[in-house]
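Structure assessment
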Protein chains: 2
Amino acid sequence: MSHPLFEKHRATLDNALQAIQTRGYWSAYNEMPSPKVYGATAPEDGKRAFDALLGQQFELGQPGQTGWHGGEQSPFGIEMNVQYPVCEVEALISAGEKAMVGWQAVGAAGRTGICMEMLERLNQQSFEIAHAVMMTTGQGWMMAFQAGAPHAQDRGLEAVTYAWREQSAVPAQAMWEKPQGKNPPLVMQKNFEIVGRGVGVVVGCGTFPTWNTYPGLFAALATGNAVIIKPHSNAILPAAITVRTLRAVLTENGLNPDLVTLCVAAQRETTRQLVTHSGVKSIDFTGSNVFGQWLIDHCRQAQVYAELAGVNNIVIESTDAYQAMLGNLAFTLSLYSGQMCTTSQALLVPAAGIDTDVGHKSYDEVCADLAQAVERFLSKPEVAHAVLGAIQSNDTAERIDIASSGSLGTVVLASTPLENPDFPKARVRTPVLLACDAEDEKAYMEERFGPISFIVKVASAEAAIALSERITRTHGALTVGIYSTRPEVIDAMTAATWRSKVALSINLTSGVFVNQSAAFSDYHGTGGNPSANASYSDSAFVANRFRVVQRRRHV
Amino acid sequence: MSHPLFEKHRATLDNALQAIQTRGYWSAYNEMPSPKVYGATAPEDGKRAFDALLGQQFELGQPGQTGWHGGEQSPFGIEMNVQYPVCEVEALISAGEKAMVGWQAVGAAGRTGICMEMLERLNQQSFEIAHAVMMTTGQGWMMAFQAGAPHAQDRGLEAVTYAWREQSAVPAQAMWEKPQGKNPPLVMQKNFEIVGRGVGVVVGCGTFPTWNTYPGLFAALATGNAVIIKPHSNAILPAAITVRTLRAVLTENGLNPDLVTLCVAAQRETTRQLVTHSGVKSIDFTGSNVFGQWLIDHCRQAQVYAELAGVNNIVIESTDAYQAMLGNLAFTLSLYSGQMCTTSQALLVPAAGIDTDVGHKSYDEVCADLAQAVERFLSKPEVAHAVLGAIQSNDTAERIDIASSGSLGTVVLASTPLENPDFPKARVRTPVLLACDAEDEKAYMEERFGPISFIVKVASAEAAIALSERITRTHGALTVGIYSTRPEVIDAMTAATWRSKVALSINLTSGVFVNQSAAFSDYHGTGGNPSANASYSDSAFVANRFRVVQRRRHV
């Protein structure tokens, strides 16, 4: 059973299937915010569409609406003042369950085609979504466009592709013919129906409201489930635009739009009511350990796919490209003011220093040189603002203040506020770098989200690798790195990451950064350490979101 | 990276891969306990091997041994008196973790080949294992052979096959080449290592110590994990034979045998210590709701794959083969004295009776005719003993007594003890059939494990279908059935099973029974209702047992 939209997107799907098989470079959606790619008027149209949303009620036509709620505060200081529908949880869930009947009937191919149409439509809205992401999260423009639109769409398509591969491996029917010696065989016809587990809830985060939402959203949808998006209270708009577009695509295809809804929760109790509801069968969550662990403990009726906090770390043992290494690290620590779940927090450096192509560098020299590299990198204001963006929350700003006070370690590089000429009210801070000893575990061995990093003095390279493994095993990490010119050190670090189950970047010195992960090639998270129990994307991310219900009869 | 044993078993694997793709009839291991198939001396050799184990200490050479423990009571009343090594939990887990290093290094193909070699070796031991299964569980000989040996081996191979399909879909390495316009592309080499999650524990049950153990055992092994089997206290021997064989195959292949160990727990506390250990990352469990729920609640460090209790049910609306239907049901209710997790407990019959090919039958007539069909089927002692086997536990015997007292419903067919001439001390009972009203939910709406079934009088066919759905949703079911000559009734029942997520058998009247599920074709459990959170086997059963750890570097 095919579907017109499956046929329409078939060539892209075939490429995507090839990509997940090889996990080389591939992307379905262009990452350049260029009129040449997206159309001559796309940048202006997108900006206009975004502006038109500000100060308005964002209509979605959802069931059970009881009022409006808003209150997003832009890190760039602009007035948002968008109001979103508040709907009864019970109404959203029962509407989602009702919509799942038709969604099941359209079959895996139909769902795949319709999800790909949704993604194409979101891609056409990339500029509008990028502005919404930028203004709610504080990301710089280029990142908001890339991570917020095409890269997020790629991650969504990646989930759809895995979902299709798993579902298409289940035959719709079978003829079972068991030989009975000289007697006629036993013959049965069997039918296998793919059914979604039930309503899925995707809980968004404040920093990546699309990139961290689309994988769970499209994994759950493609496998036959309804989805309710519960966005972060300060990053509702990108989710609302997404929901509106998905509902439109469903309606155009004769399907019940209530398959996808937005749940804006004015009270915390509403969220708890939503996620613990017996009809909710999966929860995708990105955010804090506290709420993530609460979900895992209290939402036993659902599968919880969680990305939590971690302490990403890098072992710096030696390098044959000292300046390039420092430059690479400076970019990583500065990008979006370190507000990425993949930003390195602990840089582990042997006490005796490191060998480099420009001579031996003591621990103190590494500290000073890295501080200088960050400072130099951010010395041009236009570069600084483009890369740093703004600080997403007051909590992060407060963490920067605490780090700057010197209470967590010796300040190697102080954070300074910057004035953004385009957004005078923007909350902009440069990164803070601290030096500390390996013994100061209380300082560096918990996530301090934001542009706060530690250069940790460790007894030896072996001790640094062991420390990296222990940090990852006990506190989690989405990314670790190693700089070394010695194969045996790289091998030891590799073996450590197999045990602690974390992705390793080796000697990054040019245009790839430890905090970046590319859809269709890099697995984001392994799902095997405390920072995440799932990965974007692999079979495990999709295979348990649907079930196969068989029936059999004699023929 | 291939492996000699992968090449040796490649043709079988290819067939198995084809089988899971089509889910038609296929089997790797012959189900006939025949010397023609297994060798002229196989039956006697197997019996002799089994006899030689009785009254002995079962040596396994495991680490951390502190003593011996036994105590299995055969439902057939023979003296077992086998003693098994008791080993420290901590020693078994750390030995398993150590063994995983070499198991990871052998790679997915190597693991697949070695698992298939293990299964082949178990297949050669089918007679020995069948005797062990029969004497510990009370299964009749034919069932003990088929379900205990070849069918269990098929289920093990099915898990290995899914595990291979998922693992082989992960490339070992990739060249990532991202175009940079006019500049040279960014190029990275990426490597993807499959690592097991950690030690898996498989908790066996007392009725199917191999069939319900091999799927989890081989799923966990094939995906790179060590496995500790914690057998049911009364069905240790089949697990011990299995563990000994697997350890031998590992040793022959230069691998650490402590990858697979047996944990015989003299105290309940030992089991708790085992399953809650931080090193245990997966638990496969078949058994009661009480302990199953305890595992889910307390073993948060592990993935729990659980098969629990359920209330299997059949809606009988009409039939065009009344006698054949009764015969089919009589066999189902009698086989292994109803001690299968798939045996029907509640037969839902409209109060107004049913239309049949031999005229309308009132509810009371259906009750009487089914009772008579069971009685007639068991009237020949040799048939009765072959089919019924023996009652596995005193608890089940007590449940039969309670049911026979009439306190749960009107006794339509009383249970009688039978004397088994071959095993004078065997505990043999015929099934008890009760009649009750749909309102008597306390009677029929909880699992009453054993040969205890209810013919439930329901207002109408529609009410029966609705009741079946509610039973399955709230109490779970591994199997449901429908008898009807009306397509609209079958369609309504089909839709109900999609909602309640349970496998449906339609109008079974010949040599296939609702309580049987064939490996490679029937999914055992959907994983979508309270009777089980996983299925034998599908992608979800294997995909989350391993993780992919990547590393990347510039080239």
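This text goes with the structure placed above it.
As a starting point, this report considers the structure included with it. Position numbers for residues count from 1 along each chain, tracking the sequence in the order it is written. Chain letters and ligand numbers both follow the written order, the letters beginning at A and the numbers at 1. Local features in a predicted model are, by the rule used here, given only for residues with pLDDT of at least 70; side-chain atom pairs are given and counted only at 80 or more, and totals for whole chains, interfaces and linings are based on all residues. The side-chain quantities take in all heavy atoms of the structure and omit both hydrogens and water.

**Quick word on the overall build of chain A**
Helices and strands together make up the secondary structure of chain A, namely 21 helices and 19 strands. Both definitions apply: the radius of gyration is a C-alpha atom measure, and the globule rule equals 2.2 Å times residues to the power 0.38. Relative to the 2.2 N^0.38 estimate, which gives 24 Å for 555 residues, the radius of gyration of chain A is 25 Å and therefore close to what a compact globule would have. Overall, the C-alpha framework of chain A stretches about 80 × 65 × 45 Å when taken along its three principal axes. Counting only residues that meet the buried cut, chain A has 65% of its 555 residues in that class. The helix and strand labels rest on DSSP assignments: H or I over at least four residues marks a helix, E over at least two residues marks a strand, and numbering proceeds from the N terminus. Remark: exposure states derive from per-residue accessible area (1.4 Å probe, protein chains only) relative to the maximum for the residue type, with buried under 20%, exposed over 50%, and partly exposed in between.

**So, a nonpolar patch on the surface**
There is a patch of nonpolar side chains on the surface, built from M32(A), V37(A) and M142(A) and spanning about 240 Å² of accessible area. Counting through the fold element by element, V37(A) comes out in helix α3 (residues 35–38). Note that patches include only residues with greater than 30% relative accessible area and no salt bridge, and the join distances are 9 Å for like charges and 5 Å for nonpolar side chains (Val, Leu, Ile, Met, Phe, Trp, Tyr). Exposure was quantified through the Shrake-Rupley algorithm and a 1.4 Å probe, taking into account, for residues, occlusion by the shown protein chains and nothing else. Salt bridge criterion: a side-chain nitrogen from Lys or Arg within 4 Å of a carboxyl oxygen from Asp or Glu.

**Here we look at unusual backbone geometry**
Negative phi values dominate among residues other than glycine, just as trans dominates among peptide bonds. Residue and element names in this part refer to chain A. Even without being a glycine, R23 presents a positive backbone phi close to 50 degrees. One can find R23 in the loop between α2 (10–22) and α3. A relative accessible area of 0% places R23 in the buried class. One non-glycine residue, N507, lies in positive phi territory at about 50 degrees. Residue position: N507 is located in the loop between β18 (503–506) and α21 (539–543). Assessed through its relative accessible area of 24%, N507 is described here as partly exposed.

**Quick look at the interface of chain A and chain B**
Note on contacts: a residue pair is in contact if any heavy atoms of the two residues lie within 4.5 Å. Of the residues lining the interface, 73 residues belong to chain A; the matching set on chain B comes to 74 residues. Here chain A meets chain B over a buried area of about 5800 Å², counting both sides, of which 53% is carbon and sulfur. Once two parts are joined, some of their accessible surface, as seen by a 1.4 Å probe, is lost; buried area is that loss totalled over both. Ranking the residues of chain A by area buried against chain B places Y25(A), W498(A) and R552(A) at the top, with a combined share of 13%. Along the contact surface separating chain A from chain B lie 10 salt bridges. Among the salt bridges present, the one from K178(A) reaches E31(B), with a minimum N-O distance of 2.9 Å. As used in this structure description, the phrase polar contact means that two N or O atoms lie within 3.5 Å; if the pair is within protein, one of them must be able to donate a hydrogen and the other to accept it, and residues adjacent in sequence are counted only when both atoms belong to side chains. Linking chain A with chain B are 36 residue pairs in polar contact (both at pLDDT 80 or more). Looking at which element gives the most residues to the side of chain A that touches chain B, the answer is strand β19 (residues 546–554) of chain A, with eight residues. Each residue belonging to the side of chain A that touches chain B can be placed in one class, and the counts come to 30 nonpolar, 25 polar and 18 charged. In the scheme used here, Gly and all other residues not listed as nonpolar or charged are polar, with Ala, Val, Leu, Ile, Met, Phe, Trp, Tyr, Cys and Pro taken as nonpolar and Asp, Glu, Lys and Arg as charged.

**Overview of the pattern of salt bridges**
The full count for this structure, using the stated rule, is 46 salt bridges over all chains. The partner of R121(B) in a salt bridge is E252(B), with the nearest N and O atoms 2.8 Å apart. Remark: E252(B) occurs in helix α11 (residues 237–252) and R121(B) occurs in helix α6 (residues 107–124); sequence separation between them is 131 residues. Taken together, the salt bridges that share partners define one network made up of K8(A), E117(A) and E120(A).

**Overview of the environment of H524(B)**
Residue and element names in this part refer to chain B. Here H524 is to be found in the loop between β18 (503–506) and α21 (539–543). Sequence spacing of H524 and Q139 is 385 residues, and the spatial spacing of their C-alpha atoms is 20 Å. With near-sequence residues (within four places) excluded, H524 lies in contact with R155, W211, E307, C341, T342, L478, S517, A534, S535 and Y536. In this structure the side chain of H524 is engaged in a polar contact, spanning 3.0 Å, whose partner is the side chain of E307.

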